Amino acid sequence: MEEIEIKNILLKNIEKFDIIEFCPNGGWPNFKKLRVIINKAEQNGDTYILNITLLYQCDIPGGCFAGNDLLEQIRKTVKIHKNELVDISPTN
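Residues numbered from 1 in each chain as written. Predicted model: local features only at pLDDT ≥ 70, side-chain atom pairs only at ≥ 80, totals over all residues. Heavy atoms only, no water.

Engineer: Describe the state of the cysteines, with residues and values.
Structural biologist: Tallied over the entire structure, the rule returns one disulfide. The disulfide bridge from cysteine 23 ends at cysteine 58, spanning 2.0 Å between sulfur atoms. When the S-S torsion is -95 degrees, as for the bridge of cysteine 23 with cysteine 58, the disulfide is left-handed. Taken together, the residues span a long stretch of sequence, with cysteine 23 in the loop between helix H1 (3–12) and strand S1 (28–44) and cysteine 58 in strand S2 (residues 47–59) at a distance of 35 residues. Like cysteine 23, the residue cysteine 58 is buried in the burial classification. (Disulfide = S-S within 2.5 Å. Helix = DSSP H or I, 4+ residues; strand = E, 2+ residues; numbered from the N terminus. Buried < 20%, exposed > 50% of the residue type's maximum accessible area, 1.4 Å probe, protein only.)

Engineer: Hey, could you go over the environment of asparagine 13 for me, with residue numbers and the actual values?
Structural biologist: Locating asparagine 13 in the fold gives a position in the loop between H1 and S1. For asparagine 13, a relative accessible area of 5% puts it in the buried group. In the structure, asparagine 13 is positioned 72 residues away from leucine 85 in sequence and 7.0 Å away in space, judged by C-alpha atoms. Within the local environment of asparagine 13, its side chain forms a polar contact with the backbone oxygen of isoleucine 9, the two atoms lying 2.8 Å apart. (Polar contact = N/O pair within 3.5 Å; in protein donor to acceptor, adjacent residues only side chain to side chain.)

Engineer: Residues and numbers for the pairing of strand S4 (residues 84–90), please.
Structural biologist: Pairing of strand S3 (residues 71–81) with S4 involves six bridges; the strand directions are antiparallel. For lysine 79, the partnering residue across the bridge sits in S4 and is aspartate 87. Connecting S3 to the antiparallel partner S4 that follows it, the hairpin turn spans two residues, and lysine 82 within it adopts a positive phi of roughly 50 degrees. (Pairing = 2+ DSSP bridges.)

Engineer: Could you give me a rundown of the pattern of salt bridges, with the residues and numbers involved?
Structural biologist: In the structure shown here, the tally under the stated rule is three salt bridges. For lysine 12, the salt bridge is made with glutamate 84, and the minimal N-O distance between the two is 3.3 Å. With lysine 12 in helix H1 and glutamate 84 in strand S4, this pair connects stretches of sequence that are 72 residues apart. Residue glutamate 84 is classed as partly exposed on the basis of its relative accessible area of 37%. (Salt bridge = Lys/Arg side-chain N within 4 Å of Asp/Glu carboxyl O.)

Engineer: Can you tell me about H1, naming the residues and giving the values?
Structural biologist: Residues of H1 that are buried include every one of Ile6, Lys7, Ile9 and Leu10, and no others. For H1, the arc enclosing every buried residue in end-on projection is 165 degrees, short of the 170-degree limit, so these residues lie on one face. What points out from H1, more than 90 degrees from its buried face, is the exposed set Ile4 and Lys12. Of the surrounding secondary structure, the elements contacted by the buried residues of H1 are S1, S2, S3 and S4. (Arc of directions from axis to C-beta. Contact = heavy atoms within 4.5 Å.)

None of the figures reported here should be taken as evidence of function without further support.
This is the structure in structure tokens:
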């Protein structure tokens, strides 16, 4: 499974993530430049279990100040079955 496929599946199902986890220091996540790094991948038939790191920006009020372009990251283990996101869990 390619990074772009995973990215599209995640963006299509972004509401399944706990939004509070994305920008713990305030602001709201901006996924325009979302990057998905695959740390580990397992495949069993049509099911993929992926340990991933998401890199994204947080838009903050007064975003014209320095630092607004810094990337945040969150690590998750996701399960994708037949191109559908079926589970999200913390990565240890």
